[in-house]
Amino acid sequence: MTATDGGSATGGDARGGDARRGDVRGGAGGDTVAAVVRQWRAVRPDLDTGPMEIIGRINRCAALLQQAEDAPLRRAGLSRAEFDLLGALRRTGHELTPGELARETFSSGAAVTKRLKQLTERGLVERRGDTRDRRVAHVRLTDAGRDLVDGILPDQLAYESAVLSGVEPAEQGELAALLGLLLGQLEGRLDALRV
């Protein structure tokens, strides 16, 4: 098992870092990823496990957040992916094609099609055909969809604030900036990294 697969490991407390060498990059003590890194260092001390400490923690955080299922969204009967689709329509303020929604939400076309069908059946979005090209559809929020997004968003933001409450505001800003830097780089070169 590697730290990058988000899998669980034994040992460590709720904070990051490497207690063995006093590393405080992720805080004092050790989390599950720190335990995995320590194990790899024991069997392969010749390798730089630094990337695991970042990628592994990002993957683990993402997995834990997905398991939490975003309580306000769950209460409204929405998945995160469905809310992201509704949110894209709300924040852009205009109709989008399914292809544009796929790009906005980092989803596949098939996944967007499936979600749109479910959201249309619930009366949250509606589709209309393009007058010039019958193969193209335009999607917009219904009044019910707009009201749902506007009603959930404050609760969702409060939930996300509670999730981050153990991190000081200044550190949250630093973390957001660092993640933004990483995301910007990945978005610009991920295809090249796949080769």
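Above this text you will find the structure in question.
Residues numbered from 1 in each chain as written. Predicted model: local features only at pLDDT ≥ 70, side-chain atom pairs only at ≥ 80, totals over all residues. Heavy atoms only, no water.

Here's the deal with the pattern of salt bridges
The cut-off we apply is this: Salt-bridge detection follows one rule: a side-chain nitrogen of Lys or Arg within 4 Å of a carboxyl oxygen of Asp or Glu. To qualify as a helix, a DSSP run of H or I must reach at least 4 residues; to qualify as a strand, a run of E must reach at least 2; elements of each kind are numbered from the N terminus. A 1.4 Å probe rolled over the protein chains alone gives each residue an accessible area, and that area as a share of the maximum for its type sets the label: buried under 20%, exposed over 50%, partly exposed in between.
Counted under the stated rule, the structure contains 13 salt bridges. Here arginine 140 makes a salt bridge to glutamate 95, at a shortest N to O gap of 3.3 Å. With arginine 140 in strand β2 (residues 137-141) and glutamate 95 in the loop between α4 (80-92) and α5 (98-105), this pair connects stretches of sequence that are 45 residues apart. Classification of glutamate 95 as partly exposed rests on a relative accessible area of 21%. Residue lysine 117 is joined to glutamate 121 by a salt bridge in which the shortest nitrogen-to-oxygen separation is 2.7 Å. Separated by 4 residues within a single helix, lysine 117 and glutamate 121 lie in helix α6 (residues 109-121), roughly one turn from each other. Relative accessible area serves as the criterion here: at 54%, lysine 117 is assigned to the exposed category. Overall, glutamate 121 belongs to the exposed group, its relative accessible area being 58%. Here the salt bridges share partners, and the residues they tie into one network are Asp31, Arg41, Glu53 and Arg57.

A word on the packing of helix α1 (residues 32-43) against helix α2 (residues 50-68)
Which entries qualify depends on this criterion: Fitting a line to C-alpha atoms yields each axis, with helices limited to the stretch in contact; the angle taken between N-to-C directions then spans 0 to 180 degrees. Crossing chirality is assigned from the near helix's rotation relative to the far helix, an anticlockwise turn below a right angle marking it left-handed and a clockwise turn marking it right-handed. By the convention used here, residues are in contact when the closest approach between their heavy atoms is within 4.5 Å. Following the grouping adopted for this structure description, the nonpolar residues are Ala, Val, Leu, Ile, Met, Phe, Trp, Tyr, Cys and Pro, the charged ones are Asp, Glu, Lys and Arg, and the polar ones are all others, Gly among them.
At their nearest, the axes of α1 and α2 sit 9 Å apart, and the two run at 145° to each other. Here α1 runs over α2; the crossing is right-handed. Every residue of α2 that contacts α1 at Thr32, Val33, Ala34, Val37, Trp40 and Arg41 is listed here: Met52, Glu53, Gly56, Arg57 and Arg60. Looking at the contact of α1 with α2, its residues break down into 5 nonpolar, 2 polar and 4 charged.

Overview of helix α7 (residues 143-163)
How we decide: One less than the residue count of a helix, multiplied by 1.5 Å, gives the span that helix is expected to have. At every residue, the bend is computed as the angle between two fitted axes, covering the seven residues ending there and the seven beginning there respectively.
Compared with the 30 Å implied by 1.5 Å per residue over 21 residues, the 30 Å span of α7 between its first and last C-alpha is a close match. Leucine 153 marks where α7 bends most, by close to 30°; the proline proline 154 follows one to four residues later. Among the residues of α7, Gly145, Val149, Ile152, Gln156 and Tyr159 are the ones counted as buried. The inward-facing, buried residues of α7 abut α2, α3 (71-75), α4 and β2.

Some points on the nonpolar core
Convention followed: We define the nonpolar core as a collection of buried residues of types Ala, Val, Leu, Ile, Met, Phe, Trp, Tyr and Cys that are connected through side-chain atoms lying within 4.5 Å of one another.
Counting residues in hydrophobic clusters, the biggest one holds 19 residues, and the most contacted among them are Leu86, Leu89, Leu101 and Val125. Listed by contribution, the elements that provide at least two residues to this core are α4, α5, α6, β2 and α7. The biggest single contributor to this core is α4, with 5 residues. When residues no more than four places from it in sequence are discounted, the contact partners of valine 125 are Leu86, Leu89, Leu116, Leu119, Thr120, Val139, Arg140, Leu141 and Thr142.

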